[in-house]
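Summary of structural features
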Amino acid sequence: MQGPTERGSTLRELTYYVATSLDGFIAAPDGTWSAFLDEGDHMDVLVDEFADTLPGHVQDALGIHSDATMFDTVIMGWTTYSAALDVGIVSPYPHLRQFVASRHRQTESPDVTVTADPVATVRELREEDGAGIWLAGGGALAGDLVDQIDRLVLKINPVVLGDGVRLFAGARYADRPFERTRLRAFDSGVVIAEYTRRAGVGS
């Protein structure tokens with residue numbers, strides 16, 4: 001099969017944009033991420049450059065409205081989605097086209113599409129016109145989609161968790177080289193590292 005970078009430059013990219021610990025965990029064992037910094041000089045970049053990834057209620061609180069030019073679609077696992085459901089939000093990213101990967105659950109929101117086959121869904125989305133596709137997590141979904149990912153944007157937090165939800169949970173072993181395209185370090189201790197899959201690599 002051809003990899004994401006082999007199929008043509010007009011295809012939409014799938015970007016895994018996520019916070020992680022120094023030892024590669026995106027959440028604690030219970031799925032929470034309170035260990036990650038939500039204050040500091042890195043936050044200006046997250047709000048200014050990655051506003052499309054902010055939930056609708058957060059944008060409202062900040063008085064901003066993203067234009068969905070970086071991402072216009074989000075795909076997430078059910079555990080990631082349930083964090084919004086737990087506080088009564090059924091459509092966390094109303095400014096984006098929303099997909100949730102689940103084989104057994106359904107959502108009550110007409111704005112959210114549930115898919116039992118996220119790999120097929122991402123491949124179909126690539127063929128459509130639009131901006132980028134954001135993989136929001138969690139780790140199990142990232143493991144399923146690892147060979148579809150074009151870009152990684154990792155918000156590396158200065159903390160070691162030792163256990164928790166892995167960055168790519170359950171992914172099979174393979175050599176998947178990426179090239180670093182940008183690295184920004186902040187006084188907060190957070191590092192934003194960006195990578196692109198090497199041309200011709202993928203499945």
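Structure: above.
The present account deals with the structure reproduced in this document. (Residues numbered from 1 in each chain as written. Predicted model: local features only at pLDDT ≥ 70, side-chain atom pairs only at ≥ 80, totals over all residues. Heavy atoms only, no water.)

A look at the environment of Gln59
- By the secondary structure assignment, Gln59 is in helix α2 (residues 56-62).
- Judged by its relative accessible area of 3%, Gln59 falls in the buried class.
- On a C-alpha basis, the gap between Gln59 and Tyr93 in space is 9.8 Å, while along the polypeptide they are 34 residues apart.
- The contacts of Gln59, once residues within four sequence positions are left out, are Ala51, Leu54, Ile64, His65, Ser66 and His95. (Helix = DSSP H or I, 4+ residues; strand = E, 2+ residues; numbered from the N terminus. Buried < 20%, exposed > 50% of the residue type's maximum accessible area, 1.4 Å probe, protein only. Contact = heavy atoms within 4.5 Å.)

A few points about the pairing of strand β3 (residues 71-77)
- Among the seven residues in β3, six count as buried, and that is most of the element.
- With five bridges connecting them, β3 and strand β6 (residues 132-137) associate as parallel partners. Paired with Met76 across the strands is Gly137, a residue of β6. (Pairing = 2+ DSSP bridges.)

Overview of the pattern of salt bridges
- This structure, assessed with the given rule, holds nine salt bridges.
- In this structure, the salt-bridge partner of Arg12 is Glu128, at a minimum N-O distance of 4.0 Å. Remark: Glu128 occurs in the loop between α4 (118-126) and β6 and Arg12 occurs in the segment before β1 (14-20); sequence separation between them is 116 residues.
- The exposure class of Glu128 is partly exposed, given its relative accessible area of 32%.
- One salt bridge in this structure joins Arg97 and Glu128, with 2.7 Å as the shortest N-O distance. Taken as a pair, Arg97 in strand β4 (residues 97-101) and Glu128 in the loop between α4 and β6 lie far apart in primary sequence, 31 residues in all.
- One network of salt bridges, in which partners are shared, links Arg12, Asp72, Arg97 and Glu128. (Salt bridge = Lys/Arg side-chain N within 4 Å of Asp/Glu carboxyl O.)

What to know about helix α3 (residues 78-85)
- Listed as buried for α3 are Trp78, Tyr81, Ser82 and Ala84. Here the buried residues of α3 occupy an arc of 150° about the axis, which is enough to place them on one side.
- Looking at the buried residues of α3, the elements they touch are β3, β4 and β5 (112-115). (Arc of directions from axis to C-beta.)

With respect to the pairing of β4
- Across the five residues of β4, four count as buried, placing the element largely inside the fold.
- Sheet topology note: the β3/β4 ladder contains five bridges and is parallel. Note that in β4 the partner of Met76 across the bridge is Val100.
- Between β3 and its parallel partner β4, the chain crosses via α3, and the hand of that crossover is right-handed.
- The pairing of β4 with β5 spans four bridges and is classified as parallel. Each bridged residue has a counterpart across the sheet, and for Val100 the counterpart in β5 is Val114. (Right-handed = clockwise from strand over helix to strand, strands pointing away.)

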